[in-house]
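A closer look at the structure
Spelled out from the first residue to the last, the chains are:
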Amino acid sequence: MSAATSTSTPAPLAGVRVLDLSRVLAGPWAGQLLADYGADVIKVERPGEGDDTRSWGPPFFGPRDERRAANRGKRSIAIDLASADGAAMVRTLAAEADVLLENYKVGQLAKYGLDAPSLQAANPRLIYCSVTGYGQDGPYAAAAGYDFAIQATGGLMSITGEKEGTPGSEPQKVGVAVSDLFTGIYAVTAILAALHERERTGRGRHIDAALLDTQVAMLANQASNYFVGGKAPHRMGNAHVNIVPYQVFRTRDGHIVLAVGNDGQFRRFCQLAGCEALAQDPRFATNPARVEHRDELVPLLAARMFERSTAEWTALLEPNAVPCAPILDIGGVFEHAQVQARGLRVAQDGVPMVACPMRLDGQRPQASKPPPRLDEHGDAIRDALARGARWPD
């Protein structure tokens, strides 16, 4: 059967061994994605406590040792890294690993001989990925870095939230831990690049993945606006600093996102909405002009958008290639026909999860195991190592 028609679950990283010492979200997210792509991931957790995310809630899925987050496809073993036996066990596993993930404070693992130079001396092919808040050097290297703090320090909160002066407005964090999640994804890209390079050089890399670095990179066009314009961007609520109209509008029964990305779309919108004159007005005919005259145009559009319901606007605009969307809550997301058709809600052993978003030749990679209970595989791994195995099957 050809790759294009294969129905088997893709596992492009089959045979890659990952030792995951990370906690909380960025590192575990990277490890989970590697597991989805077929890597064999052993997750090392603190005895009796496990990953910090096992206590994040309620709600919880089962009792404490069964609580699971960002660990799909991994095997869990509880090891005390501060003990001589625990550190030795990790060194044994690291000697056979292809990738090691960790997110301890800078220098902390060196106390146990588990730092990159020590482990790579024994295994030069090891790709050692350190995930921290602020990176391996610099004046803040020793500081703890949680996603919320990084969204603040990295500028994201300064451009997120209602416009200054709006009653009750203040800087806002994003509704999910985007600094953590982006760092996990960026870390995976670096790991994959290092795995590819290792085929040529035979040597691993020490990857320095910092939440702050990632958050600053995520500023994207807002950073460019600052570099080019010389003025720090500010909060604009749901409006876009460089595109108009590209924001939320109130409808007769709720709200809708109108995301007009070019002049052709604006002309189509005006025709459909019955306000063709706006598209001919020199103040609004081009996007730069619309940005300059935002305060004149938006109230005119707001009055027009309030004339129909969200469903009516969606039915009118969407088939005619004018980008728009209703604003769904999370329940509505998983009831959406496209989300259901794409199979984005999955379950393994009764554990509900969101599927890996990628498809390879039409098939989604998905780890073969659900998120593990704390130390679920510990006895089997310890027994295998006691029998002389370097990496337990």
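Everything below is about the structure shown above.
Residue positions are given per chain, counted from 1 along the sequence in the order it is written. In keeping with the predicted nature of the model, local features appear solely for residues at pLDDT of at least 70, side-chain atom pairs appear and are counted solely at 80 or more, and the whole-chain, interface and lining totals rest on all residues. Excluded from the side-chain calculations are hydrogens and water; all other atoms, namely the structure's heavy atoms, are used.

Describing the pattern of salt bridges
For salt bridges, the criterion is a side-chain nitrogen of Lys or Arg within 4 Å of an Asp or Glu carboxyl oxygen. In total, this model carries 17 salt bridges according to the counting rule given. Close ionic contact of R290 with D263 constitutes a salt bridge, the shortest N to O distance being 2.9 Å. Taken together, the residues span a long stretch of sequence, with R290 in helix α10 (residues 287-292) and D263 in helix α8 (residues 263-273) at a distance of 27 residues. The classification of residues rests on relative accessible area computed with a 1.4 Å probe and restricted to protein chains. Under 20% of the type maximum is buried, over 50% is exposed, and intermediate values are partly exposed. By relative accessible area, which is 25% here, D263 ends up partly exposed. Residues D375 and R382 are paired through a salt bridge, measuring 2.9 Å at the closest nitrogen-oxygen approach. Within the structure, one salt-bridge network assembled from shared partners comprises R17, E96 and R390. Only runs of H or I of at least four residues qualify as helices and only runs of E of at least two qualify as strands under DSSP, and these elements are numbered from the N terminus.

Re the nonpolar core
By size, the foremost hydrophobic cluster in this structure holds 29 residues, and its most contacted members are V18, L34, C129 and I191. Elements that contribute at least two residues to this core include exactly α1 (26-36), β4 (99-102), β5 (127-132), α5 (178-201), β6 (206-210) and α6 (211-217). Not counting the four nearest positions on each side in its chain, I191 is found in contact with L34, V99, L101, I127, C129 and I207. In this description, a nonpolar core means a group of buried Ala, Val, Leu, Ile, Met, Phe, Trp, Tyr and Cys residues linked to one another through side-chain atoms lying within 4.5 Å. Judged by nonpolar contacts, the second largest core, of 24 residues, contains V44, L81, A87 and L114. Note on contacts: a residue pair qualifies if any of its non-hydrogen atoms lie within 4.5 Å across the two residues.

Observations regarding the pairing of β5
With six of its six residues buried, β5 lies for the most part within the structure. What you see with β5 is no split at all: I127, C129 and V131 on one side and Y128, S130 and T132 on the other are buried throughout. The pairing criterion for strands is at least two bridges between them, as found by DSSP. Pairing of β4 with β5, which is carried by four bridges, proceeds in the parallel orientation. Each bridged residue has a counterpart across the sheet, and for L100 the counterpart in β5 is Y128. Two strands pair when backbone bridges link them, and β5 and β6 are joined in this way by five bridges, in the parallel orientation. By the bridge assignment, Y128 is partnered in β6 with H206.

Description of the side chain of N103
With respect to the helices and strands, N103 occurs in the loop between β4 and α3 (116-122). Residues adjacent in sequence count toward polar contacts only when both atoms are side-chain atoms; beyond that, a polar contact is any pair of N or O atoms within 3.5 Å, and within protein one must be able to donate a hydrogen and the other to accept it. Only 2.7 Å separates the side chain of N103 from the backbone nitrogen of R23, close enough to count as a polar contact.

Some details on the sheet that holds strand β8 (residues 255-259)
Strand order in the open sheet formed by three strands is β7-β8-β9, with antiparallel pairing between adjacent strands. Only two strands of the sheet have a single neighbouring strand rather than two, namely β7 (246-250) and β9 (324-326). Going across the sheet, the axis of each strand differs from the next one's by a mean of 25°, ignoring polarity. Sheet analysis places β7 next to β8, joined by five bridges and oriented antiparallel. Bridge pairing in β8 links V248 to V257. To obtain each axis, a line is fitted to C-alpha atoms, and for helices this fit is confined to the stretch in contact; angles are then taken between N-to-C directions over 0 to 180 degrees.

Coordinates in, geometry out; function isn't part of it.
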